[in-house]
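Summary of the model geometry
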Amino acid sequence: MSDKTIKLYDEKPYASNFEGEIVDIVNEKGKTALILNQTLFFPEEGGQTPDKGVISIISQGREVESALKVIDVQIRDDVIYHYISEECEAHIGDFVAGSIDFEYRFSNMQNHSGEHIFSGLAKKYFDCTNVGFHLSDSEVTFDYDKPLSDEEIEFLEKEVNKVIYEDHKIWAYYPSDDELLNLDYRSKKEIEGAVRLVEIEDVDLCACCAPHVRRTGEIGILKVVDYINYKGGIRISILCGSRALEHYKTLDNITKEISHTLSSSTNELADNVKRINDSLKDAEYKLIASNKRYLDVVYDQVTEYVDGRKCGEDKPASMSSHIITDNAIILDLEDVDNKSLRDMVNNLKSRYKDCLVGVISKSDKGYFFILGSESIDCRNVATGLREALNAKGGGSAEMIQGNVAERIGEEDITKILEDML
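What you see is a predicted model, and the numbers here were worked out from it, not measured in a lab.

Let's shift gears to the packing of helix H2 (residues 102-126) against helix H3 (residues 150-166). At a minimum axis separation of 9 Å, H2 and H3 run at an interaxial angle of 125°. Classified by the angle between their axes, H2 and H3 sit oblique to one another. As H2 runs across H3, the sense of the crossing is right-handed. The segment H2 lies against H3, with Gly114, Ile117, Phe118, Leu121, Ala122, Tyr125 and Phe126 engaging Glu152, Phe155, Leu156, Glu157, Glu159, Val160, Val163 and Ile164.

Adjacent strands of a sheet pair through backbone hydrogen bonds, lying either parallel or antiparallel. On the basis of which strands lie adjacent, the open sheet formed by 3 strands has the order E11-E12-E13 and antiparallel pairing. The outermost strands of the open sheet, each flanked by one partner alone, are strand E11 (170-173) and strand E13 (204-207). Geometrically, the sheet is characterised by an average inter-axis angle of 20° between neighbouring strands, direction not taken into account. The pairing of E11 with strand E12 (residues 197-200) spans 4 bridges and is classified as antiparallel. Counterpart to Trp171 in the pairing with E12 is Glu199. Where H2 meets the sheet, it contacts E11, E12 and E13, and its direction lies at approximately 75° from that of E12.

Attention now goes to the packing of aromatic side chains. One pass over the full model with this rule turns up 11 aromatic pairs. Taking the centre distance of 6.5 Å and the plane angle of 25° together, the rings of Phe118 and Tyr144 count as stacked. Highlighted residues: Phe118 in helix H2 and Tyr144 in strand E10 (residues 140-144), separated in sequence by 26 residues. Residue class for Phe118 comes out buried when judged on its relative accessible area of 0%. In this structure, Lys169 is placed above the aromatic ring of Trp171, and the distance from its NZ or CZ to the ring centre is 5.0 Å. The ring of Tyr14 carries Arg214 above its face, with NZ or CZ at 3.7 Å from the centroid.

What follows deals with the pattern of salt bridges. Under the definition given, this model contains 21 salt bridges. Arg196 serves as the salt-bridge partner of Asp10, at 3.1 Å between the closest nitrogen and oxygen. Taken together, the positions of Asp10 in helix H1 (residues 8-11) and Arg196 in the loop between helix H4 (177-181) and E12 put the pair 186 residues apart, joining distant regions of the chain. Arg196 matches Asp10 in its accessibility class, with the two residues each being buried. Close ionic contact of Asp377 with Arg379 constitutes a salt bridge, the shortest N to O distance being 3.0 Å.

Turning next to the environment of Phe369. Within the secondary structure layout, Phe369 lies in strand E19 (residues 366-372). Classification of Phe369 as buried rests on a relative accessible area of 4%. Between the C-alpha atoms of Phe369 and Ile330, which are 39 residues apart in sequence, the distance is 9.7 Å.

Attention now goes to the nonpolar core. Counting 51 residues, the largest nonpolar core has Ile117, Phe118, Tyr144 and Ile236 as its most contacted members. In contact with Ile117, not counting residues within four places along its chain, are Val160, Val163, Ile164, Ile200, Val203, Thr216 and Ile219. Counting residues in each nonpolar core, the second largest holds 23 residues, with Val298, Ile324, Leu348 and Cys355 among its members.

In the sheet, E19 pairs with strand E21 (residues 399-404) via 6 bridges, with the strands oriented antiparallel. Counted as the bridge partner of Ile370 is Gln401 from E21. For strand E20 (residues 392-395) and E21, the ladder comprises 4 bridges, and the chain directions are antiparallel. The partner of Lys392 across the bridge, within E21, is Asn403. Linking two consecutive strands that pair antiparallel, namely E20 and E21, is a turn of 3 residues.

Further remarks concern the sheet that holds strand E6 (residues 68-76). Overall, antiparallel pairing links the 6 strands, which are arranged E2-E3-E7-E6-E5-E8 in a closed barrel. Between one strand axis and the next, the sheet turns through 50° on average, direction left out of account. Looking at chain direction, strand E5 (residues 53-58) and strand E8 (residues 95-100) are connected through 6 bridges and run antiparallel. Its bridge partner being in E8, Ile55 is matched across the sheet by Gly98.

Okay, the pairing of strand E18 (residues 356-363) next. Taken across its 8 residues, E18 has 7 buried, putting it largely inside the fold. Pairing of strand E17 (residues 328-334) with E18 involves 7 bridges; the strand directions are parallel. Each residue of the ladder has a partner; that of Leu333, found in E18, is Ser361. After leaving E17, the chain enters helix H7 (residues 338-351) and then returns to the sheet as E18, a path that is right-handed.

The next subject is the environment of Leu180. Mapped onto the elements of the fold, Leu180 is located in helix H4. Leu180 gets classed as buried once you look at its relative accessible area, which sits at 16%. Remark: the alpha-carbon pair of Leu180 and Gly402, spanning 222 residues in sequence, is separated by 64 Å. Apart from residues no more than four positions distant in its own chain, Leu180 is found in contact with Pro175, Tyr185, Val195 and Leu197.

Criteria and cut-off values
- Residues numbered from 1 in each chain as written.
- Predicted model: local features only at pLDDT ≥ 70, side-chain atom pairs only at ≥ 80, totals over all residues.
- Heavy atoms only, no water.
- Axes fitted to C-alpha atoms, helices over the stretch in contact; angles between N-to-C directions.
- Helix = DSSP H or I, 4+ residues; strand = E, 2+ residues; numbered from the N terminus.
- Parallel < 35°, antiparallel > 145°, perpendicular 65-115°, else oblique.
- Left-handed = near helix turned anticlockwise from the far one by under 90°.
- Contact = heavy atoms within 4.5 Å.
- Pairing = 2+ DSSP bridges.
- Phe/Tyr/Trp six-rings, centres within 6.5 Å; stacked < 30°, edge-to-face > 60°.
- Buried < 20%, exposed > 50% of the residue type's maximum accessible area, 1.4 Å probe, protein only.
- Lys NZ or Arg CZ within 6 Å of the ring centre and 35° of its normal.
- Salt bridge = Lys/Arg side-chain N within 4 Å of Asp/Glu carboxyl O.
- Core = buried A, V, L, I, M, F, W, Y, C linked by side-chain atoms within 4.5 Å.
- Right-handed = clockwise from strand over helix to strand, strands pointing away.

Right under this line is the structure:
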């Protein structure tokens, strides 16, 4: 068992480069991990993903070998494992030069420090306890044990940014056991061994193992980007500093693109989008009503023919594309909305209980189909369509639905269904 790794990031969170010595080399499931006597690499710990960077092996002549990418950093029993991207000629006792990606480190520090302020204020004002935290490349989320209203979250966001602008001091330290007994600090779990506290002047005191910025002003800004009810409490997503800026730039570009498309100023964008959405809903209602009138006519024509036909009687020209046999009634239609089609199938299914009934709606993009029956297992038909046309979809014995992405050459889904039946 190797000695505990000296955590240089505890005292030097702003350093980028360091030197160390290899004290052990571990091979685990085809991966090589270097264990150093000391490191700047923060491991995956406390809900935060590890630092990124490279390690180079230094030979006796002080020549630096090619840099090895560090693909993961883990900690077990205070020993830090640096997993490298490729095999190397490293030996125990070799010296290394390490370099962390400080831009990535600083972004993590901004976001983690921002979360501490938010959680400290949530505890102060609403007695929320932080019961979960995750900081990755793409998101920062934390969970509280009780819900918060929209107004309370907006209040906290404003208060956090006020703390950021006031530029409070932040520092980390290991209090003695006696000092710890007299301190009121936040912690998500019971901690064994030495407790490292991160203090934000006049704002928060929390047990934490991660690097933080020196002053709240370095966080820049905190923006709440999402929140949802979660396990009786709430899960909140935030972004701070450079990540918040990138998020804003993305939203700004999307807003400008929509504004350009709609020939609308950004100030009027919400009203214009609502107007267009209302217009689309109105058009959709009118289309559904029109489809219903059309399908009512088709239904009357088909049922009149099926109920009154004579053996061998030819179908009228208006129904020539429909499949109508003794055990199947499948209508060939064009560009009809799915709800109207489903209503048609249910009406046919209840009227012709011994038949396979259905509708096929064709468009330039392919086919949408719904088939149903009270006496025939529709799943067998679905299997046939998958084999013949690579159809997607499924359902139950009583009803299936799906689509064919595009028309395949001269093959037609109506003809294939007719051959199957």
